[in-house]
There are 2 protein chains.
Amino acid sequence: MNKNPIGIFDSGIGGLTVVKEVRKILPKEDIIYLGDTARLPYGTKSIEAIIQFSTENAQFLISRGAKFIVIACYSSSSVALDILQKRFSVPIIGVIKPGAKRALALTKTGRIGVIGTTLTIYSGAYEKAFKELNAQCEILGRACPLFVPIVEEGWLDHPATELIAETYLKPLKEDGIDALLLGCTHFPMLIGVIRKIMGDINYVDASQEVGLELAQELEKLSIENPHGNGNIYIYLTDLSMNFKEISERFLGEPIKNVSRVALAN
Amino acid sequence: MNKNPIGIFDSGIGGLTVVKEVRKILPKEDIIYLGDTARLPYGTKSIEAIIQFSTENAQFLISRGAKFIVIACYSSSSVALDILQKRFSVPIIGVIKPGAKRALALTKTGRIGVIGTTLTIYSGAYEKAFKELNAQCEILGRACPLFVPIVEEGWLDHPATELIAETYLKPLKEDGIDALLLGCTHFPMLIGVIRKIMGDINYVDASQEVGLELAQELEKLSIENPHGNGNIYIYLTDLSMNFKEISERFLGEPIKNVSRVALAN
């Protein structure tokens, strides 16, 4: 047993969907969440920048006593996970591999689509994850950068959203995939419009899988805290005008305990 | 005369349109350009964050010998110009007032529309600028946050772009404005689709006005450099995958002399 909190970070507040799923499975654990809202988005920036930002985020969570770190950001998980695991002694998991495992469990044809930010798709992180799982499958990736600002604008069923989704998803539809990995924290919010185009295939949101994997790891390492208070402490590097409203949309419960924090460069 | 360079900063590379216009009017001046690509966009972040980022940007340009600073970013000009002018002894101008002057010169009905990022519109900077100009006019503002990622995706005439523009611009169209201020570096790229909706009214891109104002100020202060080499030195806080292609689209000429720089926090 270990009463220290679980640390979770993301480029912004989308990672609160991971917090939401973790709380369903581990309601007694305390959680510190860090959203790097001053520098978001990560998905359009360089690999070097994301590695640097992610290192600073992990350092902050460790300085606050995190016993385990979850990288809730797909872009950061894609390019920084290995490096952070080597650099820090605290155990760290990302969102790529749990999602890949789930997609493999669901696919029948072995044709799996992956959508994400430009960085996530071009990093080849999913191909690497499927290879490490010894998967015999075909991976079809597609960058959908406009999905992030569309969700932040709240246009979940605007006609423009449908046109944008059609442009991005048409090649995957034509390739006949039977499982689609939603490889960005914001994308599950667009499941309605995505389903309209892609039809009745299998959709994978890694948030739930990450919660399950985290629970297994905590037990394996004997660092779970089954009698804690279940507090959430949220730190953001910037508090924008409507962060509370959007945060609560992702977390699914009222937000308390929010602090602004500056990360050392 | 002063052989030192002119310093120009923006949240990203959109401000290179200002560099392009300045070069037309002042071809012999050396220019140092700083794009804070690691932290872009500014338009969705908090006022405090933009003031902090802008201060760091100005400090960098001054440390490189800038004799004059142009804030090419509309969000930064909206909330940080006064503060930077008070803090630094180097003369500084922004993009808000020059655009407002031009719109006033063009309007006949006195009904002026302004589009920009969420921060620019909600800051009230344009209302303040028109008031300082003693203008008898009605200002109608509209935040168009999706225009920025749409331009960065290069979807200048995608059907989705038209739908997005229709949603944003319809209220301005109905209000019967006769001049529209394009209050963000990225928006002139969308003039085709904007004109389709708004019709044959007056459009104001402040970039040209800023070039003219800068030339006047340099002359007034006797710090112009009519016999320089016209070099451009570009510094970016992050080099993303396709920065060169997008930069050249904004600057309108090939990019040389690009360096990555880290700003002290």
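Given the structure is predicted, the values throughout are model-derived calculations rather than measurements.

Each value, and the rule that gives it
- Residues numbered from 1 in each chain as written.
- Chains lettered and ligands numbered in written order.
- Predicted model: local features only at pLDDT ≥ 70, side-chain atom pairs only at ≥ 80, totals over all residues.
- Heavy atoms only, no water.
- 1 Å grid on protein atoms, 1.4 Å probe; cavity = no way out; pocket = protein on both sides within 12 Å on 5 of 7 lines; lining within 4 Å.
- Points joined across faces, edges and corners; volume = space filled by probe spheres on them.
- Helix = DSSP H or I, 4+ residues; strand = E, 2+ residues; numbered from the N terminus.
- Nonpolar A, V, L, I, M, F, W, Y, C, P; charged D, E, K, R; others polar.
- Core = buried A, V, L, I, M, F, W, Y, C linked by side-chain atoms within 4.5 Å.
- Buried < 20%, exposed > 50% of the residue type's maximum accessible area, 1.4 Å probe, protein only.
- Contact = heavy atoms within 4.5 Å.
- Least-squares fit on C-alpha atoms with pLDDT ≥ 70 in both.
- Pairing = 2+ DSSP bridges.
- Axes fitted to C-alpha atoms, helices over the stretch in contact; angles between N-to-C directions.
- Buried area = accessible area lost by both parts, 1.4 Å probe.
- Salt bridge = Lys/Arg side-chain N within 4 Å of Asp/Glu carboxyl O.
- Polar contact = N/O pair within 3.5 Å; in protein donor to acceptor, adjacent residues only side chain to side chain.

**Student:** For empty space enclosed by the protein, give the residues involved together with the corresponding values.
**Tutor:** All names here are of chain B. Going through the model one piece at a time under the given rule, you end up with one cavity of 30 Å³ or more. Taken together, V114, T120, I121, G124, A125, Y126, E127, I139 and G141 form the lining of the largest cavity. If you list the elements that add at least two residues to the lining of the largest cavity, you get α5 (118-123), α6 (125-132) and β6 (138-143). Considering every element that reaches the lining of the largest cavity, the biggest residue donor is α6, with three residues. Per-class residue counts for the lining of the largest cavity are five nonpolar, three polar and one charged.

**Student:** Could you give an account of the nonpolar core, naming the residues involved and the relevant values?
**Tutor:** Grouped together as the largest cluster of nonpolar side chains are 146 residues, with contacts concentrated most on I194 of chain A together with I194 of chain B. Those residues in contact with I194 of chain A that lie beyond four places of it in its chain are I115, F147, L169, L180, L182, F187, G199 and Y203 of chain A.

**Student:** A description of the relation of the copies chain B and chain A should follow, citing residues and the corresponding values.
**Tutor:** Once chain B has been moved 0.0 Å along the axis and rotated by 180°, it coincides with chain A to within an RMSD of 0.0 Å. One copy is carried onto the other by what is essentially a two-fold rotation axis.

**Student:** So what's going on with the sheet that holds strand β1 (residues 6-10) of chain A? Which residues, and what values?
**Tutor:** All names here are of chain A. With parallel pairing, six strands are arranged side by side in an open sheet as β4-β3-β1-β2-β9-β10. Each having just a single partner strand, β4 (92-93) and β10 (258-260) make up the two edges of the open sheet. Where β1 meets strand β2 (residues 31-35), five bridges bridge the pair, whose relative direction is parallel. Within β2, the residue paired with I8 across the bridge is Y33. Across the sheet, helix α2 (residues 47-63) touches β1, β2, β3 (68-71) and β9 (232-236), and the angle it forms with β1 is around 155°.

**Student:** Outline the interface of chain B and chain A, listing residues and values.
**Tutor:** Across the contact, 34 residues belong to chain B and 34 residues belong to chain A. For the pair chain B and chain A, the summed buried surface comes to about 2,500 Å²; carbon and sulfur atoms form 65% of the total. In this structure, the connection of chain B to chain A is made through zero salt bridges. At the boundary of chain B and chain A, one finds 10 residue pairs in polar contact (both at pLDDT 80 or more).

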